[in-house]
Amino acid sequence: MTRFLQYRDLVQVLVARELKVRYRRTALGFLWTMLQPLLTMAVLHVVFSKVFRFDVQNYAVYALSGILFWNFFSQSIITSMNSLRTHASLVSKLPVPKAVFPVATVIAGVVNLVLALVPLFALLLISGHDISPAVLFLPVSILLAALFALGAGLLLSPLAVFFVDVVEMVGVTMTLLLYLTPVFYPMAILPERYLFLVRLNPIRSVLEVFRDPIYYGKVPPLSHLAVTVAVVAIALVVGIVFFRRSSSRIPFYA
Amino acid sequence: MESAEQAPVLELAGVSLCYRLARHRTPSFKEYAIHWMRGALEYQQLWALRDVDLVVRPGETVGIVGRNGAGKSTLLKVLSGVLVPTTGTARRRGILAPILELGTGFDPELTGWENIFLNALLLGRRRREVEERIDEIVEFSGLGEMIHSPIRNYSTGMLARLGFAIATSWVPQVLLLDEVLSVGDTAFRERCHARLDRFRRGGAAILLVSHNAQDIEANCERALWLDAGRVAAQGPAAEVLQRYDESVHPVATTTA
């Protein structure tokens with residue numbers, strides 16, 4: 001831990017590089033972070049409120065808050081999973097604490113998410129949706145989501161070094177999870193029989209802690225918050241324990 | 001004899017290192033899980049180092065020789081802390097500067113200037129320390145205006161100069177050199193040697209890995225010969241190198 005703190009300037013540089021790499025080959029640069037979710041939302045808006053006719057008040061805000069969360073969540077997990085693989089040659093030659101790589105990718109994801117909140121708030125203003133003081137709770141929501149993603153990244157990044165098929169397995173799982181999480185559909189449309197599946201999905205509680213202040217204008221209820229904190233704590237502990245146990249073997253596979 | 005009384009900066013005691021790799025050619029999680037459930041996981045055990053003892057004190061220069069695959073690079077990785085010994089203990093003290101293969105810890109898309117930060121931070125320096133030294137690093141590398149150009153445009157000589165300039169900008173207690181002194185032009189090599197001499201006089205220990213006996217003979221007073229992961233000989237460089245040389249080029253010892 002103290003060794004990790006000594007490398008905090010390195011984390012900063014890696015975050016900056018991650019952001020730079022992500023936007024280098026795009027004509028619109030950082031604007032893309034803001035435009036991409038808006039375009040997705042526009043498509044979903046047409047599909048779900050005009051074609052399928054979900055009965056959701058201000059569906060655009062519901063969908064956009066879900067998309068921002070999901071983009072952050074899935075990108076953070078996938079890039080942090082790949083972070084050790086892409087730095088494998090480095091990690092096998094320099095005595096650098098390996099956790100800096102997954103940590104830096106998750107922080108870069110948080111920066112992206114914060115930038116993407118700008119169009120979200122623009123949409124709130126334009127659509128006349130109430131902005132409640134509960135949005136001040138968002139930093140806590142984002143922190144919880146980031147720690148959850150970090151836990152997953154710490155678990156998956158060594159696995160991705162050890163086994164070549166993990167990356168694909170995670171890709172498929174993420175798609176499955178997207179449908180098991182109420183990102184773009186409301187919980188109400190689910191048939192009673194399948195409701196439990198979505199209820200059991202731990203990512204749903206992390207998403208709702210993020211969406212509650214934006215869409216419902218309320219601080220998440222304490223009972224719900226407690227469940228989310230427990231979920232995040234478990235993910236983080238599992239991630240850290242696995243990472244610590246396996247990280248000395250990582251240089252063998254590079 | 002003064003150096004013998006100083007506490008060692010590097011100390012390996014009975015170090016063995018085993019690469020334990022799954023025997024399957026494609027390391028897939030699916031196969032691993034299936035084999036694990038059957039209790040049929042097989043590992044290939046490869047002992048890259050066996051029972052290595054090495055003590056390095058301040059101011060010493062130790063050469064490590066051996067054929068390809070003898071475990072020289074593995075030994076350096078244990079010394080730098082990248083690999084953890086399977087058995088035995090590895091202890092080090094103070095700032096350790098590894099100078100490794102060309103381009104390790106550089107990003108080809110970033111400029112030389114940006115790479116100085118990236119590389120030095122990877123070596124464990126703080127941003128403030130880099131800011132204090134950056135002019136001196138640029139100066140020593142002799143890259144001039146090229147420092148603001150992406151390093152994918154650099155020649156191997158330029159990369160080597162930059163790498164050396166960064167790693168040696170902070171006086172280390174231990175310097176690990178992996179066959180890097182042979183790159184760069186003569187003028188730069190002379191400057192490297194001058195800097196290494198200054199470090200040595202200042203009490204730094206230097207470990208030099210090479211399969212080239214001349215390199216070691218010219219720079220080291222002590223040598224360690226690794227053969228198939230074991231220490232075949234250790235002691236005064238001339239003696240060790242002679243025995244190493246005899247094993248590489250066996251000569252008929254008939255005295256007729």
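Our subject is the structure listed above.
In this report, we go over the structure that sits alongside the text. (Residues numbered from 1 in each chain as written. Chains lettered and ligands numbered in written order. Predicted model: local features only at pLDDT ≥ 70, side-chain atom pairs only at ≥ 80, totals over all residues. Heavy atoms only, no water.)

**Considerations on the sheet that holds strand β7 (residues 205–209) of chain B**
Residue and element names in this part refer to chain B. As a reminder, the rule being used: Here, a strand pair is defined by DSSP locating no fewer than two bridges between the strands. Numbered from the N terminus, helices here are DSSP runs of H or I no shorter than four residues, and strands are runs of E no shorter than two. Comment: axis = line fitted to C-alpha atoms, over the contacting stretch for helices; angle = value between 0 and 180 degrees taken between N-to-C directions.
Taken in spatial order, the six strands of this open sheet run β5-β6-β7-β3-β8-β9, and their pairing is mixed. In the strand order of this sheet, the two ends are held by β5 (96–99) and β9 (230–236), each with one partner. Mean inter-strand twist for the sheet, computed between neighbouring axes without regard to direction, equals 15°. Where strand β3 (residues 61–65) and β7 come together, four bridges link them in parallel fashion. Among the inter-strand pairings, I64 is bridged to a residue of β7, identified as V209.

**A look at the interface of chain A and chain B**
Selection rule: Whether two residues are in contact is decided by their heavy atoms: any pair within 4.5 Å suffices. The term buried area denotes the loss of accessible surface (1.4 Å probe radius) that occurs when two parts are joined, taken as the sum for both partners. Every case where a carboxyl oxygen of Asp or Glu lies within 4 Å of a side-chain nitrogen of Lys or Arg is listed as a salt bridge. Any pair of nitrogen or oxygen atoms within 3.5 Å is treated as a polar contact; in protein, a donor-acceptor pairing is required on top of that, and neighbouring residues in sequence qualify only through side-chain atoms on both sides.
At the junction of the two partners, chain A supplies 31 residues and chain B supplies 32 residues. Each partner contributes to the roughly 2900 Å² buried at the junction of chain A and chain B, and carbon and sulfur atoms together form 64% of this total. Looking only at chain A, the three residues that lose the most surface to chain B are K93(A), L94(A) and F252(A), adding up to 23% of its buried area. When the shortest N-O distance is used, the salt bridge between K20(A) and E114(B) registers 3.0 Å. Here chain A is connected to chain B by eight residue pairs in polar contact (both at pLDDT 80 or more). Top element by residues in the side of chain A that touches chain B is helix α2 (residues 8–24) of chain A. It accounts for nine residues.

**Examining the side chain of S83(A)**
Along the chain, the position of S83(A) falls in helix α4 (residues 59–86). Once residues lying within four places of it in the same chain are set aside, the contact partners of S83(A) are F101(A), P102(A) and T105(A).

**Here we look at the nonpolar core**
For clarity, the threshold we go by: In plain words, nonpolar cores are sets of buried Ala, Val, Leu, Ile, Met, Phe, Trp, Tyr and Cys residues tied together by side-chain atoms within 4.5 Å. Burial here depends on accessible area, computed with a 1.4 Å probe over protein chains only, as a share of the maximum for the residue type. Under 20% is buried, over 50% is exposed, and the range in between is partly exposed.
Residues L10(A), Y59(A), V100(A), F101(A) and I116(B) are the most contacted members of the largest nonpolar core, which totals 138 residues. Apart from the residues within four sequence positions on either side, V100(A) is in contact with F4(A), Y7(A), L10(A), V11(A) and L14(A). Listed in part, the 29 residues of the second largest apolar core include L10(B), V15(B), L176(B) and L226(B).

**A word on the environment of A152(A)**
All names here are of chain A. As for its position among the elements, A152 is in helix α7 (residues 138–162). The exposure class of A152 is buried, given its relative accessible area of 18%. For A152 and W70, which are 82 residues apart along the polypeptide, the C-alpha to C-alpha distance reads 14 Å.

**Concerning the layout of surface pockets**
Residues and elements named next belong to chain A. Filter applied, for reference: Within this scheme a cavity is a closed region of a 1 Å grid, computed over the protein atoms alone, that accommodates a 1.4 Å probe without allowing it to escape, whereas a pocket is open but has protein on both sides within 12 Å along at least five of seven lines; lining residues each have an atom within 4 Å of a point. Grid points are joined across faces, edges and corners, and a volume is the space filled by probe spheres set on the points.
The computed volume of the largest pocket comes to approximately 700 Å³. Forming the boundary of the largest pocket are 22 residues, of which F4, P97, A99, F243 and R244 lie nearest the centre. Mapped by element, the contributors of at least two residues to the lining of the largest pocket are α1 (2–6), α7 and α11 (222–246). A total of four residues in the lining of the largest pocket trace back to one element, the largest contributor, which is α11.

**Side note on the environment of A228(B)**
Looking at the element boundaries, A228(B) is found in the loop between β8 (222–227) and β9. Put simply, A228(B) and V78(B) are 150 residues apart on the chain and 16 Å apart in space, counted from C-alpha to C-alpha.

**A closer look at helix α10 (residues 202–216) of chain A**
Turn by turn, an α-helix covers 3.6 residues, leaving residues three or four places apart pointing in a common direction. All names here are of chain A. Where we set the bar: By this rule the span expected of a helix is its residue count minus one, scaled by 1.5 Å.
Taking 1.5 Å as the rise per residue, α10 with 15 residues should run 21 Å; its terminal C-alpha atoms sit 20 Å apart, in good agreement. Counting buried residues along α10, 13 of its 15 residues qualify, which places the element largely inside the surrounding structure. One side-chain oxygen at the N-terminal end of α10 lies 2.9 Å from the backbone nitrogen of I203; it belongs to N201. Taken from the residues just after α10, G217 is the one with a positive phi, measuring 65°.

**Describing helix α3 (residues 31–51) of chain A**
Helix length check: α3(A), at 21 residues, gives a terminal C-alpha distance of 29 Å against a target of 30 Å (1.5 Å per residue), a fit within 8%. Of all the residues in α3(A), the buried ones are T33(A), P37(A), M41(A), L44(A), F48(A) and S49(A).

**A closer look at empty space enclosed by the protein**
All names here are of chain B. Put simply, the rule is: Charged means Asp, Glu, Lys or Arg here, nonpolar means Ala, Val, Leu, Ile, Met, Phe, Trp, Tyr, Cys or Pro, and polar covers whatever is left, Gly included.
Applying the stated criterion across every chain yields a total of three cavities of 30 Å³ or more. Counted as a void, the second largest cavity has a volume near 50 Å³. I95, L96, A97, L123, R125, I166, A167 and W170 together form the lining of the second largest cavity. Breaking the lining of the second largest cavity down by element, the ones donating at least two residues are β5 and α6 (156–167). In terms of residue class, the lining of the second largest cavity is built from seven nonpolar, no polar and one charged.

**Remarks on the pairing of β8(B)**
Residue and element names in this part refer to chain B. Burial within β8 is extensive, with five of its six residues counted as buried. Relative to β8, β3 runs parallel, the two sharing four bridges. Counterpart to V65 in the pairing with β8 is W225. The sheet contact formed by β8 and β9 spans six bridges and is antiparallel. The partner of D227 across the bridge, within β9, is R230. Adjacent in sequence and paired antiparallel, β8 and β9 are bridged by two residues, among which A228 carries a positive phi angle near 50°.

**What about a nonpolar patch on the surface?**
Residues and elements named next belong to chain A. This is how the line gets drawn: Patches here: salt-bridge-free residues with over 30% relative accessible area, like charges joined within 9 Å, nonpolar side chains (Val, Leu, Ile, Met, Phe, Trp, Tyr) joined within 5 Å. Shrake-Rupley sampling with a 1.4 Å probe provides the accessible areas, and residues are treated as covered by the protein chains on show and by no other component.
A cluster of nonpolar residues, L31, W32, L35 and L39, forms a patch on the protein surface that exposes about 370 Å² of accessible area. Among the structural elements, L39 can be located in helix α3. Its relative accessible area of 48% is what places L39 among the partly exposed residues.

**Remarks on the packing of helix α4 (residues 112–122) of chain B against helix α5 (residues 127–141) of chain B**
Residues and elements named next belong to chain B. For clarity, the cut-off: An angle below 35 degrees is treated as roughly parallel, one above 145 as roughly antiparallel, one from 65 to 115 as roughly perpendicular, and anything else as oblique. With the far helix as reference, a near helix turned anticlockwise by less than a right angle produces a left-handed crossing, and one turned clockwise produces a right-handed crossing.
Running from N to C, α4 and α5 point in directions that differ by 130°, and their axes come no closer than 10 Å. Taken as axis vectors, α4 and α5 run oblique relative to one another. In this structure, α4 crosses over α5, and the sense of that crossing is right-handed. Taken together, the residues of α5 that come into contact with α4 (itself represented by W113, I116, F117, A120 and L121) are R127, V130, E131, I134, D135, I137 and V138. Tallied by class, residues from the contact of α4 with α5 come to nine nonpolar, no polar and three charged.

**Section: the pattern of salt bridges**
Residues and elements named next belong to chain B. On inspection of all chains with the given rule, the structure shows ten salt bridges over all chains. One salt bridge in this structure joins D197 and R200, with 2.6 Å as the shortest N-O distance. Placement of both D197 and R200 in helix α7 (residues 186–201) is noted, with a separation of three residues, approximately one turn of the helix. Take D197: its relative accessible area is 33%, and that puts it in the partly exposed class.

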